[in-house]
Amino acid sequence: GAVVSQHPSRVICKSGTSVKIECRSLDFQATTMFWYRQFPKKSLMLMATSNEGSKATYEQGVEKDKFLINHASLTLSTLTVTSAHPEDSSFYICSARDQGGTDTQYFGPGTRLTVL
Amino acid sequence: AQTVTQSQPEMSVQEAETVTLSCTYDTSESDYYLFWYKQPPSRQMILVIRQEAYKQQNATENRFSVNFQKAAKSFSLKISDSQLGDAAMYFCAYRSAYYGGSQGNLIFGKGTKLSVKP
């Protein structure tokens, strides 16, 4: 299947700092990427839909000024957690939609964010 | 709005045996896709199997097969000859075939934790 990478896999930062997470589709182009948040032992919660060349669409209750999403190319989307606080600590997962072939979403390996 | 329900928070199976994970969904749409994803302890989401709603034939992938009952809105996953590596969280997911504003996002169930006993 198609490969999606995510970087970094793990990050620890101080409260008040900003953290950028990258999501790349390695062997296909993705006009649409998705960002999820997963709490321990819980399902994935969709945060936003990222579209290449346009503004992201955020789910209800997700602060767009706190979670900045940029999808500047067909293979790269970034999520920046601005002024991070301990409650932002979580597991963040991206996925990319491969619209060619089977039109399936493929997931990155996730990023564990810990805010001290 | 569409919903996905997995009524089994945890399941257990003996190695080499067969286990079935349940999933039901609710939708008013006639065209959609259903998926089973596996999330092992590494937390990497892995696509297990996919089913198009317009296809009557149940999808199969090696030891994994589904029982898709469109009228009943049921989509169960059968794992045959279970292996230790099958131990993971399994998520059932729905995706509309009508993109519109959703742009193809997945709607997930809460997951079923599968344990495999040696």
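Keep in mind it's a predicted model, so treat the numbers as computed, not measured.

**Observations regarding the overall build of chain B**
Item 1. When its secondary structure is counted, chain B shows zero helices and 12 strands.
Item 2. Going residue by residue from the N terminus, the α and β elements of chain B occur as β-β-β-β-β-β-β-β-β-β-β-β.
Item 3. The C-alpha radius of gyration of chain B comes to 14 Å, within 12% of the 13 Å expected for a compact globule of 118 residues.
Item 4. Projected onto its principal axes, the C-alpha coordinates of chain B cover approximately 45 × 30 × 20 Å.
Item 5. Looking at the 118 residues of chain B, the share that counts as buried comes to 50%.

**What to know about the pattern of salt bridges**
Residue and element names in this part refer to chain B.
Item 1. Taken as a whole and judged by the stated rule, the model has six salt bridges over all chains.
Item 2. Of the charged contacts in the structure, one is a salt bridge between Lys 73 and Asp 26, with a shortest N-O distance of 3.6 Å. Placement of the pair is Lys 73 in the loop between β8 (64-69) and β9 (74-79) and Asp 26 in strand β4 (residues 24-26), with a sequence separation of 47 residues.
Item 3. With relative accessibility at 26%, the residue Lys 73 sits in the partly exposed group.

**A word on the environment of Gly 110 of chain A**
Residues and elements named next belong to chain A.
Item 1. Tracing the backbone through its elements, the reader meets Gly 110 in the loop between β10 (104-107) and β11 (111-115).
Item 2. Residues Gly 110 and Ser 83 lie 27 residues apart in sequence; the distance between their C-alpha atoms is 20 Å.
Item 3. Excluding residues that lie within four positions of it along the chain, Gly 110 makes contacts with Gln 6, Pro 8, Ser 9, Phe 91, Tyr 92 and Ile 93.

**Looking at the interface of chain B and chain A**
Item 1. On the side of chain A, 23 residues touch chain B, which itself brings 20 residues to the contact.
Item 2. Taken together, the two surfaces of chain B and chain A that pack against each other cover about 1700 Å², and 46% of this comes from carbon and sulfur.
Item 3. Summed over the shared surface of chain B and chain A, the number is zero salt bridges.
Item 4. Counting every contact that joins chain B to chain A gives seven residue pairs in polar contact (both at pLDDT 80 or more).
Item 5. Elements supplying a minimum of two residues to the side of chain B that touches chain A: β5 (32-39), β6 (46-52) and β10 (88-96) of chain B.
Item 6. Residue composition of the side of chain B that touches chain A, grouped by class: eight nonpolar, eight polar and four charged.

**Quick notes on the state of the cysteines**
Item 1. Applying the stated criterion to the full structure yields two disulfides over all chains.
Item 2. With its sulfur 2.0 Å from that of its partner, Cys 23 of chain A forms a disulfide with Cys 94 of chain A. What sets the handedness of the Cys 23 of chain A and Cys 94 of chain A disulfide is the S-S torsion sign, and at about 80° it is right-handed. Taken together, the residues Cys 23 of chain A in strand β3 (residues 19-25) and Cys 94 of chain A in strand β9 (residues 90-98) connect sequence positions 71 residues apart.
Item 3. In this model Cys 23 of chain B forms its disulfide with Cys 92 of chain B; the gap between the sulfur atoms is 2.0 Å. Taking the torsion about the S-S bond as the criterion, the Cys 23 of chain B to Cys 92 of chain B disulfide, at about -70°, is left-handed.

**Things to note about the nonpolar core**
Item 1. With 26 residues, the main nonpolar core has Val 4, Phe 28, Trp 35, Phe 67, Leu 79, Tyr 92 and Leu 113 of chain A as its most contacted residues.
Item 2. Within the residue set of this core, elements represented by two or more residues are β2 (10-13), β3, β4 (32-38), β5 (44-51), β7 (67-73), β8 (76-81), β9 and β11 of chain A.
Item 3. One finds Val 13, Tyr 32, Ala 59 and Cys 92 of chain B within the second-largest nonpolar core, a separate group that totals 25 residues.

So, how was this worked out
Residues numbered from 1 in each chain as written. Chains lettered and ligands numbered in written order. Predicted model: local features only at pLDDT ≥ 70, side-chain atom pairs only at ≥ 80, totals over all residues. Heavy atoms only, no water. Helix = DSSP H or I, 4+ residues; strand = E, 2+ residues; numbered from the N terminus. Rg over C-alpha atoms; globule rule 2.2 N^0.38 Å. Buried < 20%, exposed > 50% of the residue type's maximum accessible area, 1.4 Å probe, protein only. Salt bridge = Lys/Arg side-chain N within 4 Å of Asp/Glu carboxyl O. Contact = heavy atoms within 4.5 Å. Buried area = accessible area lost by both parts, 1.4 Å probe. Polar contact = N/O pair within 3.5 Å; in protein donor to acceptor, adjacent residues only side chain to side chain. Nonpolar A, V, L, I, M, F, W, Y, C, P; charged D, E, K, R; others polar. Disulfide = S-S within 2.5 Å. Core = buried A, V, L, I, M, F, W, Y, C linked by side-chain atoms within 4.5 Å.

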